[in-house]
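# Working through the structure, step by step
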Amino acid sequence: LKEGEDWRSLHMWLRVNGELRQACDAGTMINSVPSLICYISSIMTLEPGDLVVTGTPAGVSRLHAGDRITAGIDGYCEMQVDVVQEPH
């Protein structure tokens, strides 16, 4: 975090094929970011750049092969994942 920045104000979002599906501030999470980091760190070593993925806010829906998921934290990061069908 930037000096003086409160983790609760981090704005997270997720788009599917460019359509905004989810958005919230970290402060609205059921489990706080510090408690998640503390718990995970008791099990494994976290390194700079590690990504912690947790549950999800409202807006969940089915994904299909070919969908593109874009997610990010404003001012910090953005990532894209393409959904592929698992071979049978």
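Attention in this report is confined to the structure presented alongside it. Bear in mind that the values here come from a model prediction, so they are computed numbers and not experimental data.

## What about the packing of aromatic side chains?
- Overall, the coordinates contain zero aromatic pairs when judged by the stated rule.
- For Arg15, the ring lying beneath its charged end belongs to Trp13, and the centroid distance is 5.8 Å.

## A word on the pairing of strand 2 (residues 19–25)
- Relative to strand 2, strand 1 (residues 11–16) is paired through six bridges, and the arrangement is antiparallel. Considered in strand 2, the bridge of Leu14 is made with Gln22.

## Structural notes on the side chain of Asp67
- Within the secondary structure layout, Asp67 lies in the loop between helix 1 (33–43) and strand 3 (68–73).
- Of the buried charged residues, Asp67 lacks a salt bridge, with Arg21 as the closest side chain of opposite charge at 5.9 Å.
- Here the side chain of Asp67 touches His64 through a polar contact of 2.7 Å, landing on its backbone nitrogen.
- Aside from chain neighbours lying at most four places away, what touches Asp67 is Val16, Asn17, Val81, Asp82 and Val83.

Rules behind the numbers
- Residues numbered from 1 in each chain as written.
- Predicted model: local features only at pLDDT ≥ 70, side-chain atom pairs only at ≥ 80, totals over all residues.
- Heavy atoms only, no water.
- Phe/Tyr/Trp six-rings, centres within 6.5 Å; stacked < 30°, edge-to-face > 60°.
- Lys NZ or Arg CZ within 6 Å of the ring centre and 35° of its normal.
- Pairing = 2+ DSSP bridges.
- Helix = DSSP H or I, 4+ residues; strand = E, 2+ residues; numbered from the N terminus.
- Buried < 20%, exposed > 50% of the residue type's maximum accessible area, 1.4 Å probe, protein only.
- Lys, Arg positive; Asp, Glu negative; His and termini not counted.
- Salt bridge = Lys/Arg side-chain N within 4 Å of Asp/Glu carboxyl O.
- Polar contact = N/O pair within 3.5 Å; in protein donor to acceptor, adjacent residues only side chain to side chain.
- Contact = heavy atoms within 4.5 Å.

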